[in-house]
Amino acid sequence: MATMKLGSKPEIFVLEDLTWRCTTELESDVVVEVGEMSFYLHKFPLLSRSGVLQRMISEYQPPADGGGGGMCTLQLDDIPGGAKAFELAAKFCYDVKIELNALNVVCLRCAAEYLRMTDDYAEGNLITQAESFLADVLANWKDSIKALETCEGVLPTAEDLHLVSRCITALASRACASDAAAPLVRNASVVDKDALWNGIRSGDTASAEAAAAAASGMDWWYEDVSFLSLPMFKRLIQAMEAKGMRAESIAGAIMFYAGRFLPGLKRDTSFSNALASYGADSGGGMSSRNITPRAASVSAPSEGDQRYFLEEIVALLPTKKGVASTKFLLGMLRKAMLLHASPLCRENLERRIGAQLEDASLDDLLVPNLGYHVETLYDIDCVQRILDYFMSSTDGIGTGYTSPALAEEGGGSLGIPQGGTPSSSLSPITMVARLMDGFLAEVAPDTNLKLPKFQALAAVVPDYARPVDDGIYRATDIYLKSHPWLSESEREQLCRLLNCQKLSLEACTHAAQNERLPLRVVVQVLFFEQLRLRTSITGWFFVSDNAAGGDGARPHSGGAIVPKGAAAIAGSAQAEADSDVEGDAPEGKETITDVKVRVSELEKECKSMKQEIRRLGTPRRSWSLLPKKCGFGAKVQQAQTAMSGK
């Protein structure tokens, strides 16, 4: 920390209880009272330095009753910085040694202005000395932070002298300069450390290490500014925005600040001086509470203070999408509901979350229902609004506007891309669909969750956003299990959310044996499973027939037809397939044995269902029509005969 020493004489002031006395041979002839503190001083040193004290001493009229012992008594209760600042000013008048630093220079500068200690009364007066040292303070980041913190206790004098704006400008300039260099540092950190410089291999890794350290510490200033009061922090952030700082850095500082001071977002919270207002009492300006908020011990903030703090932080966040994490925004939303923040604040948070809903996690999305009329455990209406904001966003293909045609074109946009992995290249709307399916499964056991609300939330996500319907099937099954009183018509209405064609084999197997599902849904599941089996059998027979013919076109791996002229190129591989079709089936296809097993299992399931329906009293005629409508029966028997002939 920078310091500046003034004065040449040794200490001559002694503190006795609440009284400062000057230990010189001359008796004191003036008493200056600042709050509860009294200073017994001499007129001449004060007259030669301060215009205010000169005027007050000249205008002083002793009491008519002769009280006060004939001494001149002056009241300076409203001096900025209080008794501590006046003590330093008085020592300066006596040329006693004092030390200026970042913690006292602002208060001393304000006190000097109040006392009019200008060069008109003495050359090199206190105002000049304080201004000279203040320039050195503002050239250092840490000292500038400390100086800005001390401005809290001497407002509005610090504002009138532009000390606050000077500190903020100095801090914003240094932070923005570091932020502007961040992309350059990141680029430099990926350069080979043995790169040539002007054609000469330096071999010095110091610069590379410095670049790596700088790249990993771009948030170095977050903690320093987090100790500022909310008004000061807000002005500093606005100054950084005006100077062009990246929105990501600003959002990072705001999230760090909110996590430090807002209980509930972070465990080790301290609201120390975070809501100090501009109208702070100037009498205690030099107290530890205003100088060092790091060490302040302030009681827990009231609900009103927390609500005001939260609303200000939300309004301060940059509008750019993605700069604030979805986890942080959802945490702020939960806190806003708990504190009953303004509707505008909550809507702002919900819109921000909706714009980047694909980044949310299921745990964070489970917002407790804290409304006055609690019906469900979790706030379903809030999630519904967030999902509506996501679907109404206008980012084109990146969010809710991926068209069904594009979804069907190769499946690469919404599902698993061809040649990709199941977790790669998923579009935002597909990620949101998975998130909503998981959310529905979590809230489905709530017996107070009404069917229309469950359906409305599930129906917001379009069908093409789900490559597989296993998630929505699981949520629907859980809801049916937790709401056994639903009528048959309500069950059928709920199951309209399902697309039986998009259920996996495991889901189909479970659905075929699920007694909670309506009969119509079970029939659909069996029909589409049989249809898939028939398609698989037909495709395999097509491949086998073409493989057996030696002159025509030959099937390639995956069922594609290879022209006769190209057969010679894959001759050896195809000859092996011709010799043992069942043992070496084309890649990605089922063997005949597997198909036989699946057909047998399906027939057993159909038989068990038929027996169950008969037990329940369903007419036989309705079941006997099912194989004819679905195309089962004779065709499956023909398929089995054909396979046995092979």
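Residues take numbers from 1 onward in each chain, read along the sequence in its written order. Whole-chain, interface and lining totals are the exception, using all residues; otherwise, since this is a predicted model, local features are given only for residues with pLDDT of at least 70 and side-chain atom pairs are given and counted only at 80 or more. Where side-chain values are given, they derive from all heavy atoms of the structure, hydrogens and water being excluded.

The name given to the protein in an unreviewed UniProt entry is Phototropic-responsive NPH3 family protein, and the organism recorded there is Miscanthus lutarioriparius. UniProt positions are given in the numbering used here, feature names are shortened, and annotations may be inferred rather than shown by experiment. UniProt lists a comment for the protein under the heading Sequence similarities (unreviewed entry), and it reads "Belongs to the NPH3 family." You can read under Pathway (unreviewed entry) in the UniProt record for the protein the words "Protein modification; protein ubiquitination."

Right, let's get into the overall build of the protein. A count of helices and strands for the protein gives 29 helices and 11 strands. Looking at the protein residue by residue over its 646 residues, the buried ones come to 45%. Considering only contacts within the protein whose residues lie at least 6 apart along the sequence, 69% involve residues at least 24 apart. Summed over all atoms, the accessible surface of the protein reaches about 32300 Å², with 53% contributed by carbon and sulfur. Put simply, DSSP H or I for four residues or longer makes a helix, DSSP E for two residues or longer makes a strand, and each gets a number counted from the N terminus. To sort residues, take the accessible area from a 1.4 Å probe on protein chains only and compare it with the maximum for the residue type: under 20% means buried, over 50% means exposed, and anything in between is partly exposed. Residues are treated as being in contact if the distance between any of their heavy atoms lies within 4.5 Å. Using a 1.4 Å probe, accessible areas were evaluated by the Shrake-Rupley method; residue-level cover was limited to the displayed protein chains.

Take the packing of helix H18 (residues 380-391) against helix H20 (residues 428-443) next. Put simply, H18 and H20 touch, their axes get as near as 12 Å, and they point 170° apart. Classified by the angle between their axes, H18 and H20 sit roughly antiparallel to one another. Contact residues: Ile380, Val383, Leu387, Phe390 and Met391 in H18; Pro428, Ile429, Val432, Met436, Phe439 and Val443 in H20. Under the grouping applied here, Gly and all other residues not named as nonpolar or charged are polar, the nonpolar ones being Ala, Val, Leu, Ile, Met, Phe, Trp, Tyr, Cys and Pro and the charged ones Asp, Glu, Lys and Arg. Across the contact of H18 with H20, the residue classes break down as 11 nonpolar, no polar and no charged. Axis definition: a line fit to C-alpha positions, over the contact stretch in the case of helices; interaxial angles, taken between N-to-C directions, run 0 to 180 degrees. Each angle receives one of four descriptions, namely roughly parallel if under 35 degrees, roughly antiparallel if over 145, roughly perpendicular if within 65 to 115, and oblique otherwise.

Let us look at unusual backbone geometry. For the peptide bond that leads from Leu155 to Pro156, omega is 5°, which places it in the cis range. Its location among the elements puts Pro156 in the loop between helix H6 (141-150) and helix H7 (157-160). A positive phi angle is found at His162, which is not glycine, with a value near 60°. Relative to the assigned elements, His162 resides in the loop between H7 and helix H8 (163-189). Here His340, not a glycine, exhibits a phi torsion of approximately 55°, which is positive. If you trace the backbone, His340 turns up in the loop between helix H15 (326-338) and helix H16 (343-355). A relative accessible area of 33% means that His340 is categorised as partly exposed.

On the basis of which strands lie adjacent, the open sheet formed by 5 strands has the order E2-E3-E5-E4-E6 and mixed pairing. In the strand order of this sheet, the two ends are held by strand E2 (13-16) and strand E6 (72-75), each with one partner. Geometrically, the sheet is characterised by an average inter-axis angle of 20° between neighbouring strands, direction not taken into account. In short, DSSP must find at least two bridges between two strands for them to pair. Relative to strand E3 (residues 19-22), E2 runs antiparallel, the two being bridged by 4 bridges. Bridge pairing links Phe13 to Cys22 in E3. The strands touched by helix H3 (residues 82-93) are E2, E3, strand E4 (30-34) and strand E5 (37-41); relative to E5, the strand with the most contacts, the crossing angle is about 10°.

One can describe the packing of helix H4 (residues 105-114) onto helix H5 (residues 126-137) by two numbers: an axis separation of 9 Å at closest approach and a directional angle of 155°. Viewed along their axes, H4 and H5 adopt a mutual orientation that is roughly antiparallel. The element H4 and its partner H5 pack so that their crossing is left-handed. Contacts from Val105, Leu108, Arg109, Ala112 and Glu113 in H4 reach Leu126, Ile127, Ala130, Glu131, Phe133, Leu134 and Val137 in H5. Of the residues in the contact of H4 with H5, the class split is 9 nonpolar, no polar and 3 charged. Crossings are assigned a handedness: left-handed for a near helix turned anticlockwise from the far helix by less than a right angle, right-handed for a clockwise turn.

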